[in-house]
Number of protein chains: 2
Amino acid sequence: MRASERAYQTLREEILDWSLLPGTVLAEVEQSERLGVSRTPLREALGRLGAEGLTRTARGRGVVVSDISLEDVDELFELRETLEGKAAALAAERGDSTVFGELHEELLAAPGLISEADPARHDYYELVGRLDEAIDSAISNSYLAQAVRSLRVHLVRVRRLAADDATRLTAAAAEHAAIAEAIASGNPRLAEAATTLHLHRSLSHIKATHTPR
Amino acid sequence: MRASERAYQTLREEILDWSLLPGTVLAEVEQSERLGVSRTPLREALGRLGAEGLTRTARGRGVVVSDISLEDVDELFELRETLEGKAAALAAERGDSTVFGELHEELLAAPGLISEADPARHDYYELVGRLDEAIDSAISNSYLAQAVRSLRVHLVRVRRLAADDATRLTAAAAEHAAIAEAIASGNPRLAEAATTLHLHRSLSHIKATHTPR
DNA sequence: CATGCAGCAAATGTATACATAGGCCGACGT
DNA sequence: ACGTCGGCCTATGTATACATTTGCTGCATG
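This structure is a prediction, so every number in the text was calculated from the model and none was measured. (Residues numbered from 1 in each chain as written. Chains lettered and ligands numbered in written order. Predicted model: local features only at pLDDT ≥ 70, side-chain atom pairs only at ≥ 80, totals over all residues. Heavy atoms only, no water.)

Let's shift gears to the relation of the copies chain A and chain B. The two copies are related by a screw operation: chain A maps onto chain B through 180° of rotation and 0.1 Å of translation along the axis, at an RMSD of 0.1 Å. Classification of the inter-copy transformation places it as that of a two-fold axis. A share of 100% of interface residues in chain A that are also interface residues in chain B marks the association as one of identical surfaces. (Least-squares fit on C-alpha atoms with pLDDT ≥ 70 in both. Contact = heavy atoms within 4.5 Å.)

Shown next as structure tokens:
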């Protein structure tokens, strides 16, 4: 794998899982030595991160990890409701009913995946990720898909602000199942409504459980 | 100005005004010599263009200018309707009524700007650009604003597919005036409807006047 | 005591040399 | 004659040396 790709993947992971906290300065020499690559591929990695909005260049202090506050969460969900609502509606119009029917079945059984044995809820998030991918490919619109994907990057960070307890995840699974069912039934307005409902509940949960640091 | 910035601006301009046609290969040495910068800043410029979607890396042949077809136009407008509709609605909720009232007045007088003396319609597009900026800043949502801006880049390219005759521009000015008026009146649903109407007419115009090459 | 300027230091920005991989062309074999 | 293999050559990927800018510190002056 290319050195710039390695540096990009590593930094991206570390930012998304809050190993690198907002405000952390990513100096070129420092990071290039730490990651074992030279400054050139590291700069390319920093450029890509900046384009995604995960970092910003603080005039004079170099590149720093972007901040993400509760206000950002409101803004993110405002955009998310718009984009994912439209995506769900288009998926209902254009998607393959059997694909989403199967996802619906799986999501109904999802509470079984939320076991205490897997604190990271790997299986659960993998299933939700497959629903996202199915919607992306069903909408047949690369620009919308791209917009949704770039938005989801930030949402991964936000997830850490919320306490994803088993109770909430079980409820969320039911909401996702409702979205899949609506898409499978080919009803755009219902799919959009189910998405809106899910996002509002997610946002409420984040805001209710967030403990200010 | 930085060399990488110069290279980026130049290439971006050339792609947007179709001086660099879709499919054109942007080899690093070739372009760095042409633009008078070394390969390092040029690579940074190419990276930024790729992140915007104006170029893509063609496996083996390096970086090429992205294609943009009539199918892309449909996809672009589908996303545009979603984003700009939401933006207009938010602007109506949160914007300063006087700002949009003044833009409304100016847009009503816009047909006077469309003179035969200025084939590029510089004054007209400047005014429309100010409406876009006013909406962007009124929505108070940096993520949505960013999404709208990244979308507009592609629309600049599309504009060249349409024959922007004086008749269409006069009608478009009236549609823009209606949007500004709806925002000034603080009516989100009206603002969204006016935007939807305008975008549909723009798309119809593009599809009606486009002469396949 | 505060403010501004000058010099220094460390960061980023740029150029270039070098490594490496992949594609193309020619030759050889079937 | 066509296909395949090998070598060369040109492209990109990386490292590093150098230039340049900017922020900070300390001293001097009002």
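This part covers the protein's contact with DNA strand D. Around DNA strand D lies a shell of 14 residues, among which Ala3, Ser38 and Thr40 of chain A together with Arg39 and Arg43 of chain B are the nearest. Backbone atoms, meaning sugar and phosphate, make up 57% of the atoms of DNA strand D lying within 4 Å of the protein. Contact distances for DNA strand D include 2.7 Å between a phosphate oxygen and a backbone N or O atom of Ser38 of chain A. Of all the secondary structure elements, the ones that give two or more residues to the surface near DNA strand D are α1 (3–16) and α3 (39–52) of chain A together with α3 (39–52) of chain B. Considering each element in turn, the surface near DNA strand D owes the most residues, three residues, to α3 of chain A. Each residue belonging to the surface near DNA strand D can be placed in one class, and the counts come to four nonpolar, four polar and six charged. (Near = heavy atom within 4 Å. Polar contact = N/O pair within 3.5 Å; in protein donor to acceptor, adjacent residues only side chain to side chain. Helix = DSSP H or I, 4+ residues; strand = E, 2+ residues; numbered from the N terminus. Nonpolar A, V, L, I, M, F, W, Y, C, P; charged D, E, K, R; others polar.)

Turning our attention to the sheet that holds strand β1 (residues 25–26) of chain B. All names here are of chain B. Pairing is antiparallel in the open sheet, where three strands are placed in the order β1-β3-β2. Looking at strand neighbours, the two that pair on one side only are β1 and β2 (55–58), the edges of this open sheet. Sheet topology note: the β2/strand β3 (residues 62–65) ladder contains four bridges and is antiparallel. What sits directly across from Thr55, in β3, is Val65. (Pairing = 2+ DSSP bridges.)

By the definition in use, this model includes 32 salt bridges over all chains. One salt bridge connects Arg43 of chain A with Glu44 of chain B, and the closest N-O pair in it is separated by 3.4 Å. Taken together, the residues span two chains, with Arg43 of chain A in helix α3 and Glu44 of chain B in helix α3. Members of the salt-bridge network, linked through shared partners, are Glu28, Arg39 and Arg43 of chain A together with Glu44 of chain B. (Salt bridge = Lys/Arg side-chain N within 4 Å of Asp/Glu carboxyl O.)

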